Amino acid sequence: MKNERGILLESGTNELEIVEFSVGNNKFGINVIKVKEIINPVSVIPIPHSHPYVEGIMELRGEVLPVVNLASVLGYPPSNNSEKDKFIVSEFNKMKVIFHVHHVNQIHRISWENIEKPTGMYQGADSQIIGVIKFAGEMILLLDFEKILVDINPDSGINVQQVKKLGKRERSNKRLVVVEDSPLLRKLLEDTLIEAGFYNIEFFENGLEALNYLEKESRDKDIQDAAQLIITDIEMPQMDGHHLTKRIKDNPQLAHLPIIIFSSLITEDLRHKGQQVGANGQVSKPDIAELILLVDKYVL
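Residues numbered from 1 in each chain as written. Predicted model: local features only at pLDDT ≥ 70, side-chain atom pairs only at ≥ 80, totals over all residues. Heavy atoms only, no water.

Colleague: Would you take a moment to explain the pattern of salt bridges for this structure?
Modeller: Oppositely charged side chains are able to pair whenever their charged atoms sit close together. Enumeration according to the criterion identifies 17 salt bridges in this entry. A salt bridge links Lys34 to Glu146, with the nearest nitrogen and oxygen atoms 3.0 Å apart. With Lys34 in the loop between strand S2 (26-31) and strand S3 (35-39) and Glu146 in helix H3 (residues 145-152), this residue pair connects regions lying 112 residues apart in the sequence. The burial state of Lys34 is the same as that of Glu146; both residues are buried. Among the salt bridges present, the one from Arg61 reaches Glu37, with a minimum N-O distance of 2.3 Å. Remark: Glu37 occurs in strand S3 and Arg61 occurs in the loop between strand S4 (54-60) and strand S5 (63-69); sequence separation between them is 24 residues. Counted as one network, the salt bridges with shared partners bring together Glu20, Lys27 and Glu138. (Salt bridge = Lys/Arg side-chain N within 4 Å of Asp/Glu carboxyl O. Helix = DSSP H or I, 4+ residues; strand = E, 2+ residues; numbered from the N terminus. Buried < 20%, exposed > 50% of the residue type's maximum accessible area, 1.4 Å probe, protein only.)

Here it is in structure tokens:
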């Protein structure tokens with residue numbers, strides 16, 4: 001996996017690489033950027049009264065890491081061929097977590113345009129699926145790993161209490177555009193931004209919808225009447241946050257708009273990707289207080 005990470009894509013191409021893996025008879029995907037390495041299963045120490053998704057803990061190079069059993073998360077039975085099981089060592093949201101899967105298949109390079117958003121007809125309110133990839137006559141499901149971790153440990157998510165510590169604020173005349181594909185995180189962002197004093201917020205599920213809105217508004221009126229700052233996630237169907245940022249910064253009518261990338265993928269190793277496309281700021285989820293302070297910096 002470390003060799004594969006050496007060929008990570010340039011920023012702003014609207015492409016990603018996924019590790020395809022299996023749990024049960026279904027195929028799933030995780031962004032290569034989130035994967036540190038893939039190892040064979042080793043001894044796991046169960047923790048009494050832990051969350052049902054948590055298989056236990058294990059030591060890896062001096063670090064004690066939780067092991068999350070994705071079969072338990074997805075409601076599948078244990079593997080029929082456990083000797084082929086794999087552990088995916090991941091890092092995002094400033095956390096390292098190991099995911100126990102049944103088989104790791106291969107790495108695919110795909111465009112976000114080829115990832116469909118699940119519909120309400122089959123997704124369900126508590127679904128862990130954030131995207132469906134049609135690939136070589138099959139379907140690969142992209143899992144919402146951030147939601148899985150929040151389900152296990154709610155404190156790992158966005159915490160409105162962090163914003164309350166900033167005190168009362170008046171920001172109601174400022175207009176924000178927020179691009180986030182996760183319904184859970186959109187609601188949390190709405191609650192925390194309102195708590196921070198921002199009431200004029202336009203939400204979009206992906207970068208393409210946001211870009212279409214901004215381009216239309218810039219043709220019909222002064223863009224400042226529609227948006228004064230953009231907050232965007234990175235991983236989104238149709239158009240990711242890096243490509244959205246690049247498209248905005250390449251548009252003379254929009255280039256002056258400050259863009260803050262708010263994503264679980266912001267690490268010191270990957271921060272340069274946002275800088276390459278012109279992001280004005282980058283904040284790792286779930287540091288909502290840092291995000292609010294950065295918004296203040298650019299809109300006040």
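Colleague: Just to check I follow, could you spell out the packing of helix H6 (residues 207-220) against helix H7 (residues 241-249) for this structure?
Modeller: How two helices pack is summed up by the angle between their axes together with the distance between the axes. Running from amino to carboxyl end, H6 crosses H7 at an angle of 15°, the nearest separation of the two axes being 9 Å. Relative to H7, the element H6 is oriented roughly parallel. In terms of crossing hand, the pair formed by H6 and H7 is right-handed. Side by side, H6 and H7 meet where Gly207, Ala210, Leu211, Leu214 and Glu215 of the first sit next to Leu244, Arg247 and Ile248 of the second. Here the contact of H6 with H7 is composed, by residue class, of 5 nonpolar, 1 polar and 2 charged. (Axes fitted to C-alpha atoms, helices over the stretch in contact; angles between N-to-C directions. Parallel < 35°, antiparallel > 145°, perpendicular 65-115°, else oblique. Left-handed = near helix turned anticlockwise from the far one by under 90°. Contact = heavy atoms within 4.5 Å. Nonpolar A, V, L, I, M, F, W, Y, C, P; charged D, E, K, R; others polar.)

Colleague: I tried to follow the side chain of Thr245 on my own but got confused; where do I start?
Modeller: Relative to the assigned elements, Thr245 resides in helix H7. Exposure remark for Thr245: the relative accessible area of 1% places this residue in the buried category. Non-local contacts of Thr245, meaning those with residues more than four positions away in its chain, are made with Thr232, Ile259, Ile261, Val277, Gly278 and Ala279.

Colleague: It is not clear to me how the environment of Val283 should be interpreted in this structure. Could you clarify?
Modeller: Relative to the elements of secondary structure, Val283 occurs in strand S16 (residues 281-284). Overall, the relative accessible area of 0% leaves Val283 in the buried class. Sequence spacing of Val283 and Leu294 is 11 residues, and the spatial spacing of their C-alpha atoms is 8.6 Å. Dropping the residues within four chain positions of it, Val283 is found in contact with Ile260, Ile261, Phe262, Ser263, Ile266, Glu290, Leu291 and Leu294.

Colleague: Just to check I follow, could you spell out the pairing of S4 for this structure?
Modeller: Residues in a regular strand point their side chains to alternate faces of the sheet. Direction of pairing for S4 relative to S5: antiparallel, over a ladder of 6 bridges. Its bridge partner lying in S5, Ile57 is registered against Pro66. With antiparallel pairing between neighbouring strands as the criterion, S4 and S5 make up a hairpin whose turn holds 2 residues, including Arg61 at a positive phi of roughly 50°. (Pairing = 2+ DSSP bridges.)

Colleague: Looking at this structure, I do not really get the nonpolar core. What am I missing?
Modeller: One broad trend across soluble globular proteins is that nonpolar side chains are buried collectively. Membership of the largest hydrophobic core comes to 28 residues, with the highest contact counts inside it found for Phe21, Leu70, Phe99 and Phe145. Once you skip the residues sitting within four places of it in the chain, Phe99 turns out to touch Val68, Leu70, Lys86, Phe87, Ile88, Ser90, Phe92, Phe145 and Leu149. (Core = buried A, V, L, I, M, F, W, Y, C linked by side-chain atoms within 4.5 Å.)

Colleague: Quick question: what am I supposed to make of the sheet that holds strand S1 (residues 15-23) here?
Modeller: Hydrogen bonds along the backbone pair up the strands of a sheet, which may run parallel or antiparallel. The 6 strands are arranged S8-S1-S2-S11-S10-S9 in an open sheet whose pairing can be described as mixed. The outermost strands of the open sheet, each flanked by one partner alone, are strand S8 (103-111) and strand S9 (115-116). Bridge count between S1 and S2: 6 bridges; the pairing is antiparallel. Each residue of the ladder has a partner; that of Ser22, found in S2, is Lys27.

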